[in-house]
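A structural walkthrough
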Amino acid sequence: MKHLKNRQEFLSSKLFEAFDSKKLSKILGYIKDQDSKDKFFKLLVEITDSLDFPMSNLSDDYFQYLPYKKALSLTVDRSDLQDCTASSSDSYPDHSVPDNFCQDGKVLRKWGTGVRKAPCLICGGTGKEKNISGIKYLKFWFNQNGEFTCLTGTDGEKISKINQDRKIDHRELRRLPTGTKVRIELLSNDSRGRINTEGTIYQSEGGGTYVIHNNRSHEGGSPGGRDWKRFGEWSWCVNDGNEYRNCFVIEKVTYDTNDPIYLNKSVNIKSDQIVLLDMISHEDLIKLKQSHFSLILDFSKLKTFEFKKKSEIKKERELQKLGATALISDEEIKQKNIKRYLNQVFDRLKVSTDIEDISKLMMKIMGGNYLGFHIFNSDS
Ligand SMILES: [Zn+2]
C-alpha cells in the first residue's frame, strides 16, 4: 500500500506543476496530509468547472495569500460599486416625494405636512447599489498544521444569520421545555408521507410530548385543552420516537455584526453551481476560527476573464479527430500518448477510487496542454 500512496502523492504533485500559478504550487507544498490536498483540489476543480474555465489557465493573477485577520476583512471594495438610484417611493411608497432619488443614502419623504430627509431603505443608507454580481472572493482557509480547514465566500454583504441548529436525540426531545423551537421531519405511514417543518415543543400535563406546527397536512394527536394553540394550528405527537426523524433545536444566536468574520459565508456547490449561502454554518464558523491564513481566489475576475472556453477547446479537438491523422499536431499525439500511458498505469495498479479520481483529474488538466510525457516516464 505504501507504494500506492507514493504513487498517488507523486501524481498529485505533478498535477500542481501543471498550473501557471506559483501560489497554488506553494500551497500544495504546504498542505501536509493527502486528505486535505484531495479536498482542496476537488473544490478547485468544481469551481473552475462551474465557469468552464480551463484549470491550467489559473495563474497568480487570480490568487492572493493573506494572514487570518486581513483575509477575514477582505471584501468588495465599495468604491467599485454603482451609486444607488432608488427613488423616494421605493423606500416610502405611502409617503413618497415625486422625482426624488437616493443621494448619498438619503431620500426625501413626506412627514406630516412637510418633507424630511430619511435613510434610503433600498441601499441601507450606503448610497451604493448592492453587489448584484454575487460572489467576489472565494477563500480557502488553512491552519498552521498544514491542513486545509474550510472554504468560505464573500459578496460584500454580511450574513443575516448563523446556523447553529443542534441535532438532538429522542431522550433529549422528551425533556425539552414547552416553547422550544425545533426543526423536525414528521413521518407518517399513510399518504401524507413526510414533511420537514419548524415547530414548537409542547409538553402536556399528562406527560405527552407534541410538536405544534402550521402544516395542515400533518394534523396528528394533540394535547388536551386549547393552551397549545398559542404555538400553532396543528399538533403531532412524538412520544415514541418513530413519528419523526432528525430533530434539531433552533438556537437563537446573537452576534456582533461589526465582527468582520461575518463577511464570510458558507459555500454550497451543487451540480456545477457555486452558491453563497446567506449564513455561515456552525461547522464552518468553528473551522474558520481555527485557521491561520487564507489563499484567496478572485472569483469575479475569474468570471470575467476572456478565456478560451474549455468546452470550445474540446470541440476543436473533436473536429480535429474527425479529420485526417495528418492534421493532428505533434502536440495532440503527445497528449494521446500520455493518456494511453496513464491508462496503462492505472490498469496495472488496479487501484482504489481515489487513484481513479486522480486519473480523471489528470485528464482534465491535460485539456490544457501542459504536461510533458517525460514526467511520467521518470517514474515508470
Ligand atoms: Zn439608496
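Residues numbered from 1 in each chain as written. Predicted model: local features only at pLDDT ≥ 70, side-chain atom pairs only at ≥ 80, totals over all residues.

This next bit is on the overall build of the protein. The number of helices and strands found in the protein is 12 helices and 16 strands. Taking all 380 residues of the protein together, 26% fall into the buried category. Within the protein, residue pairs in contact and separated by at least 24 positions form 63% of the contacts whose partners lie at least 6 positions apart. (Helix = DSSP H or I, 4+ residues; strand = E, 2+ residues; numbered from the N terminus. Buried ≥ 20, exposed ≤ 12 C-beta atoms within 10 Å, placed from the backbone. Contact = placed C-beta atoms within 7 Å.)

When the terminal C-alpha atoms of helix α3 (residues 34-50) are compared, their 24 Å separation across 17 residues agrees well with the 24 Å that a helix rising 1.5 Å per residue should span. Looking one or two residues past α3, D52 carries a phi angle of roughly 60 degrees, positive in sign. (Expected span 1.5 Å × (residues − 1).)

Quick look at the nonpolar core now. Core analysis: the biggest nonpolar cluster contains 36 residues, and F40, Y137, L138, F140, I296, L297 and F299 have the highest contact counts within it. Of the residues forming this core, the biggest block, 5 residues, is contributed by strand β4 (residues 137-142). Setting aside anything within four residues of it in sequence, one finds F140 in contact with F40, F148, L151, S294 and L295. Of all hydrophobic cores here, the second largest spans 13 residues; its members include V182, Y202, Y210 and V238. (Core = buried A, V, L, I, M, F, W, Y, C linked by C-beta atoms within 7 Å.)

Here the focus is the pairing of strand β13 (residues 265-270). Summarising the sheet, strand β5 (residues 148-154) and β13 pair through 2 bridges and their orientation is antiparallel. Looking at the pairing, T152 lines up with S266 of β13. As paired elements, β13 and strand β14 (residues 273-276) share 4 bridges and run antiparallel to each other. When the sheet's bridge partners are listed, V267 is paired in β14 with L276. (Pairing = 2+ DSSP bridges.)

A few words on the sheet that holds β5. Within the open sheet, the 6 strands sit side by side as β1-β16-β4-β5-β13-β14. Their pairing is antiparallel. Of all the strands in the sheet, the pair left with one neighbour each is β1 (63-67) and β14. Neighbour-to-neighbour, the strand axes of the sheet open up by a mean angle of 35 degrees, direction not taken into account. Direction of pairing for β4 relative to β5: antiparallel, over a ladder of 6 bridges. Each residue of the ladder has a partner; that of Y137, found in β5, is T154. (Axes fitted to C-alpha atoms, helices over the stretch in contact; angles between N-to-C directions.)

This next bit is on the sheet that holds strand β7 (residues 166-168). If you walk across this open sheet you meet the 6 strands as β7-β12-β8-β9-β10-β11, and the pairing is antiparallel. The open sheet is flanked by β7 and β11 (234-237), the only strands paired with a single partner. Neighbouring strand axes in the sheet, compared pairwise and without regard to direction, differ in orientation by 40 degrees on average. As defined by bridge partners, strand β10 (residues 209-213) adjoins β11 across 4 bridges and the pair is classed as antiparallel. Each bridged residue has a counterpart across the sheet, and for H213 the counterpart in β11 is W234.

As a further point, take unusual backbone geometry. Its identity as a non-glycine residue notwithstanding, D52 has a phi of 60 degrees, on the positive side. As for its position among the elements, D52 is in the loop between α3 and β1. Looking at D52, the number of C-beta atoms within 10 Å reads 14, which means it is partly exposed.

The next thing to look at is the pairing of strand β16 (residues 293-298). Burial analysis of β16 places 5 of its 6 residues in the buried class, which makes it a mostly covered element. Here 6 bridges tie β4 to β16, and the two strands are oriented antiparallel to one another. If you follow F142 over to β16, its bridge partner there is F293.

Attention now goes to the environment of N215. Within the fold, N215 resides in the loop between β10 and β11. For the pair N215 and W234, spaced 19 residues apart in the sequence, the C-alpha separation amounts to 6.7 Å. Once residues within four sequence positions are removed from consideration, N215 is found in contact with I195, T197 and W234.

Next up on the list: the environment of S294. Looking at where S294 falls in the secondary structure, it is placed in strand β16. Linking S294 and K69, residues 225 residues apart in sequence, is a C-alpha distance of 9.6 Å. When sequence neighbours within four positions are dropped, the list of residues in contact with S294 reads L66, A71, K139, F140 and W141.

Right, let's get into the confidence of the model for the protein. Should pLDDT be low for a region, the predicted coordinates there are not to be read in detail. Mean pLDDT over the protein stands at 79; residues scoring 70 or higher make up 73%. Taken element by element, the predicted model of the protein shows its lowest mean pLDDT in helix α12 (residues 373-377) (34) and its highest in β10 (97). Here residues 348-355 is a poorly scored stretch, pLDDT under 50, and it has 10 contacts once near neighbours within four places are set aside; other chains count. For the stretch residues 367-380, pLDDT sits under 50, and the model shows 26 contacts to residues farther than four places along the chain or on other chains. (pLDDT = per-residue confidence, 0-100.)

Tracing the sequence through the fold places D284 in helix α7 (residues 282-289). Along the chain, D284 and C150 lie 134 residues apart, while their C-alpha atoms are 6.4 Å from each other. In this view, D284 contacts C150, T152 and S266; residues no more than four positions away in its chain are not counted.

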